[in-house]
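Single-letter residue listing:
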Amino acid sequence: MAVFSSEEIIARTIDFVKNELQDAEGGHDWFHIERVYKNALLISETEEVDKTVVSLGALLHDIADSKFHNGDETVGPKKAMDFLSSENISAEILEHVIKIIENISFKGGNKIQKFHSKELAVVQDADRLDAIGAIGIARAFNYGGFKNRKMYDPEIEPNLNMTPSEYKASGAPTINHFYEKLLLLKDRMNTETGRKIAEERHLFMEKYLQQFYDEWNGVK
Ligand code: ADP
Ligand code: NI
């Protein structure tokens, strides 16, 4: 079997992921992966991490969203495993990347995150950054539209005490998602660089919400 350099494996992984995500919905398409990959490389500049593991973890982290596989969280890691096994990379890197994919979407709910590494911390921060700021706002409304949700309803208050399945079933307006998740992310960042970027994007979301309410209420 041919042995590829790290750059070659990353290039081959990019091709594989692009192809797999051809028909993916807007929130988890190739461009989401590309942004997470770029965020992850940016954060890696100030962290001592294995860049190959970070790159492969970022590129493969959403290869199969469990939301679209009847909640089956094993489909993504299995697809990634099948791909990486054919790439002749070291067992150590392969296992680490799979662990990142299995643990990344820990939502901070009841589930206990079982695996920790600096590389996972970086990819998780990079993924969270794409859920906040201007892009995060766009993704939230895109998701809400996909689910036929209201943008906002002043009568339906955000609820921070739902279990993950109650949350999924709640059908709450998209603005509530800001309070239930997006505005909480800046305090969940793992790395210093991630936290700094998150603070700026957080302020932008607060400004956005103020403007949203002003326009809603006919102010200005
Ligand atoms: P991840 O990227 O960690 O897999 P999700 O699959 O939960 O995150 O969400 C993908 C995108 O859809 C994110 O930008 C997220 O904010 C958005 N999203 C998820 N649930 C909702 C919701 N109830 N309302 C609005 N946006 C949502
Ligand atoms: Ni993601």
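Nothing here was measured: the structure is a model prediction, and the numbers come from that model.

Undergrad: What should I look at first to understand the overall build of the protein in this one?
TA: On a plain count of helices and strands, the protein comes out with ten helices and zero strands. Put simply, the protein runs from its N terminus to its C terminus through helices and strands in the order α-α-α-α-α-α-α-α-α-α. Looking at the protein as a whole, 45% of its 220 residues qualify as buried. In the protein, of all internal contacts separated by at least 6 residues, the share reaching a separation of at least 24 is 64%. Looking at the protein as shown, the accessible area adds up to about 12300 Å², and 52% of this sits on carbon and sulfur atoms. Here the protein holds 27 positive side-chain charges and 37 negative ones, and the gap between their average locations is 2 Å.

Undergrad: Whenever I open this one, the coordination of the nickel ion (ligand 2) confuses me. Can you help?
TA: Tetrahedral metal sites with four donors have an ideal angle of 109.5 degrees; octahedral sites with six donors have ideal angles of 90 or 180 degrees. Here the nickel ion (ligand 2) is held by H32 (NE2), H61 (NE2), D62 (OD) and D127 (OD), and the distances to it run 2.1 to 2.2 Å. Geometry at the nickel ion (ligand 2) is irregular, judged from the four donor atoms that bind it and their angles of 80 to 171 degrees at the metal. Considered as a linear motif, the donors of the nickel ion (ligand 2) on their single chain read H-x28-H-D-x64-D. Highlighted residues: D62 in the loop between α3 (51-60) and α4 (75-85) and D127 in helix α6 (residues 118-129), separated in sequence by 65 residues. By relative accessible area, which is 13% here, D62 ends up buried.

Undergrad: Please explain the domain arrangement of the protein as it appears in this structure.
TA: As a measure of interface size, the accessible area lost when the parts come together is often cited. With domains assigned, the protein is organised as domain 1 (1-106) and domain 2 (131-220). Placing the centre of domain 1 and that of domain 2 at their C-alpha centroids yields a distance of 26 Å. Taken together, the 13 residues of domain 1 in the interface contact eleven residues of domain 2. Counting each side, the surface lost to burial between domain 1 and domain 2 is near 910 Å², with a carbon and sulfur contribution of 60%. Where domain 1 packs against domain 2, one counts zero salt bridges. A class-by-class count of the residues in the side of domain 1 that touches domain 2 yields three nonpolar, six polar and four charged.

Undergrad: What is the right way to read the packing of α3 against α6 from this model?
TA: Helix packing geometry: the angle between the two helix axes and the distance between the axes. Relative orientation of the contacting elements α3 and α6 amounts to 40 degrees, with a least axis distance of 9 Å. Here α3 lies oblique to α6, going by the angle between them. Our pair here, α3 against α6, has a crossing hand that is right-handed. Note on element contacts: α6 touches α3 through E119, V122 and V123, opposite V53, V54, G57 and A58. Partitioning the contact of α3 with α6 into residue classes produces five nonpolar, one polar and one charged.

About the cut-offs
- Residues numbered from 1 in each chain as written.
- Chains lettered and ligands numbered in written order.
- Predicted model: local features only at pLDDT ≥ 70, side-chain atom pairs only at ≥ 80, totals over all residues.
- Heavy atoms only, no water.
- Helix = DSSP H or I, 4+ residues; strand = E, 2+ residues; numbered from the N terminus.
- Buried < 20%, exposed > 50% of the residue type's maximum accessible area, 1.4 Å probe, protein only.
- Contact = heavy atoms within 4.5 Å.
- Areas by Shrake-Rupley, 256 points an atom, 1.4 Å probe, with all protein chains shown as cover.
- Lys, Arg positive; Asp, Glu negative; His and termini not counted.
- Charge placed at Lys NZ, Arg CZ, Asp CG, Glu CD.
- Donors = N, O, S within 2.8 Å, 3.2 Å for Na, K, Ca; no water.
- Tetrahedral: all angles 85-135°; square planar, octahedral: opposite > 155°, others 65-115°.
- Domains from an automatic or database assignment.
- Buried area = accessible area lost by both parts, 1.4 Å probe.
- Salt bridge = Lys/Arg side-chain N within 4 Å of Asp/Glu carboxyl O.
- Nonpolar A, V, L, I, M, F, W, Y, C, P; charged D, E, K, R; others polar.
- Axes fitted to C-alpha atoms, helices over the stretch in contact; angles between N-to-C directions.
- Parallel < 35°, antiparallel > 145°, perpendicular 65-115°, else oblique.
- Left-handed = near helix turned anticlockwise from the far one by under 90°.

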